[in-house]
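Reading the structure
One-letter residues, chain by chain:
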Amino acid sequence: MDNCIFCKIANGEIPTNKVYEDEVVIAFLDMSQITKGHTLLVPKKHVQDIFGYSSNDAGAVFKRIPLIANALKEAFPDMQGLNILNNNGETAFQTVMHSHIHLIPRYSKENDGF
Ligand code: 5GP
Ligand code: ZN
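Residues numbered from 1 in each chain as written. Chains lettered and ligands numbered in written order. Predicted model: local features only at pLDDT ≥ 70, side-chain atom pairs only at ≥ 80, totals over all residues.

**Some remarks on the overall build of the protein chain**
Along its length, the protein chain carries 3 helices and 5 strands. Listed by position from the N terminus, the elements making up the protein chain come as α-β-β-β-α-α-β-β. Rg of the C-alpha trace for the protein chain: 14 Å, near the compact-globule value of 13 Å for 114 residues, within the 12% margin. In terms of overall dimensions, the protein chain has a C-alpha envelope of 40 × 30 × 25 Å along the principal axes. The 114 residues of the protein chain split such that 19% are buried. (Helix = DSSP H or I, 4+ residues; strand = E, 2+ residues; numbered from the N terminus. Rg over C-alpha atoms; globule rule 2.2 N^0.38 Å. Buried ≥ 20, exposed ≤ 12 C-beta atoms within 10 Å, placed from the backbone.)

Below you can see the structure in the form of structure tokens.
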């Protein structure tokens, strides 16, 4: 998809802080870190939002969440919890129109990443 920033990241046209990559997905650090390790899990195939997914494609992407969650836990051993967030549509605060899943590590209240 032309002019889609996440397609460009998935194609390797734009460098990024990669957390994980395989043939189906890429995961990279969000440029605006809500907490330390805030990561976006993105399908390589352009899909706008949850309404545009086939069940098979959604399954392939969403089933990789535990893999990324555990990679984050290993990278950030002080992580204690994790928010998983997927915004769909402008009214739901989606700003990049290539579907993505936020993984937002949570730490102790005294040490919430920053
Ligand atoms: P949304 O609001 O669509 O759910 O989230 C989009 C997220 O993508 C935001 O958290 C924003 O910081 C992140 N983002 C937007 N453009 C880029 C980019 O070029 N690189 C990275 N790493 N993150 C981006
Ligand atoms: Zn795209």
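Resuming the write-up.
**Some details on the site of ligand 1**
In the neighbourhood of ligand 1, 13 residues make up the surrounding shell, with Met 31, Ser 32, Asn 87, Thr 95 and Val 96 lying closest. Partitioned by chemical class, the residues of the shell around ligand 1 number 7 nonpolar, 5 polar and 1 charged. (Near = placed C-beta within 6 Å. Nonpolar A, V, L, I, M, F, W, Y, C, P; charged D, E, K, R; others polar.)

**Observations concerning the pairing of strand β2 (residues 25-29)**
The element β2 is largely enclosed, with a buried count of 4 among its 5 residues. Where strand β1 (residues 18-21) lies against β2, 3 bridges are found, and the strand directions are antiparallel. In the sheet register, Tyr 20 faces β2, and the bridge partner there is Ala 27. Hairpin connection of β1 to β2: 3 residues between the antiparallel strands. Note that β2 and strand β3 (residues 39-43) share 5 bridges and pair antiparallel. Bridged to Ile 26 within β3 is Val 42. (Pairing = 2+ DSSP bridges.)

**A short note on the nonpolar core**
Note on soluble globular proteins: their nonpolar side chains tend to be buried together. Core analysis: the largest hydrophobic core is formed by 14 residues, its most contacted members being Val 25, Ile 26, Ala 27, Leu 41 and Val 42. Mapped by element, the contributors of at least two residues to this core are α1 (5-10), β2, β3, α3 (65-75) and β5 (101-106). Per-element accounting of this core gives the leading share, 4 residues, to β2. (Core = buried A, V, L, I, M, F, W, Y, C linked by C-beta atoms within 7 Å.)

**Examining the environment of Leu 67**
With respect to the secondary-structure elements, Leu 67 resides in helix α3. A tally of 14 C-beta atoms within 10 Å means that Leu 67 is categorised as partly exposed. Between the C-alpha atoms of Leu 67 and Ala 27, which are 40 residues apart in sequence, the distance is 11 Å.

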